[in-house]
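# Coordinates in review
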Amino acid sequence: MVRFKSRYLLCEVCVPDRSSLQLLEDRSIYNTLRAAVKRAHGDYGSALFNIGVIVKYLNAHTGVVLIRSRKKHYRLIWSALSFITCLENRGQMVQCFLNCLHVGGTIRTCQKFLVKYNRQQLHRMLPDCKTDAEKQEVRKAILSCSLSNVRDEEADEDGSDDDDDDDKET
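This section reports on the structure supplied with the text. What you are looking at is a predicted structure, and each value in this text was computed from that prediction instead of being measured.

## Topic: helix α1 (residues 26-52)
Counted at 1.5 Å a residue, the expected span for α1 with its 27 residues is 39 Å, but the 16 Å between its end C-alpha atoms falls short. Where α1 bends most, the angle comes to about 140 degrees, and this point is His-41. Taken together, the buried positions of α1 are occupied by Ser-28, Ile-29, Tyr-30, Thr-32, Leu-33, Ala-36, Val-37, Gly-45, Ser-46, Leu-48, Phe-49 and Gly-52. On its buried face, α1 is in contact with β1 (6-14), β2 (54-59), β3 (64-70), α2 (74-80) and β4 (86-89).

Shown next as structure tokens:
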């Protein structure tokens, strides 16, 4: 059995209006990314895209997208992200761009990076808070996303049966 190595691109969908994130679906991101790869890299890029690119995760509340591609061709997908300026979903055009935050070898490394990134974002929000109640909320959120919580979750995952069939292809 052959194992194909993958790379995961952790991206953030940046939109001017946060309420338009609720309109996003993974299928629309997949189709828009496919069109951007075809525009940027032609038939060669389109063929490589069809072989092994999947939108693994989309959080419509935070705008975080996880894209899996083959290890050999992840740079081709990464380069096409800059050509995306809008997403079409449910008949509406959403102006946006995709910001690649991290490229990892596993989903777990992307999750660890996302915790660190969110914590940094909360630290940046702290000086902008106007009231003491807002500051207390941000401080509470910072404490809730500590790495000890991530370690506890990893310990729970290691004790249970994992279905890691996503990393293996036949």
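Still more to cover.
## Brief notes about the nonpolar core
Counting residues in hydrophobic clusters, the biggest one holds 28 residues, and the most contacted among them are Val-13, Leu-33, Ile-67 and Leu-81. The set of elements that each furnish at least two residues to this core consists of β1, α1, β3, α2 and β6 (97-104). The element that contributes the greatest number of residues to this core is α1, accounting for seven residues. Look past the residues within four positions of Ile-67 in its chain and what remains in contact with it is Arg-7, Tyr-8, Leu-9, Cys-11, Leu-33, Val-53, Ile-54, Val-55 and Leu-81. Ranked by size, the runner-up nonpolar core spans eight residues in total, among them Leu-101, Cys-110, Leu-114 and Tyr-117.

Procedures and definitions
Residues numbered from 1 in each chain as written. Predicted model: local features only at pLDDT ≥ 70, side-chain atom pairs only at ≥ 80, totals over all residues. Heavy atoms only, no water. Helix = DSSP H or I, 4+ residues; strand = E, 2+ residues; numbered from the N terminus. Expected span 1.5 Å × (residues − 1). Bend = angle between axes of the 7 residues up to and from the residue. Buried < 20%, exposed > 50% of the residue type's maximum accessible area, 1.4 Å probe, protein only. Contact = heavy atoms within 4.5 Å. Core = buried A, V, L, I, M, F, W, Y, C linked by side-chain atoms within 4.5 Å.

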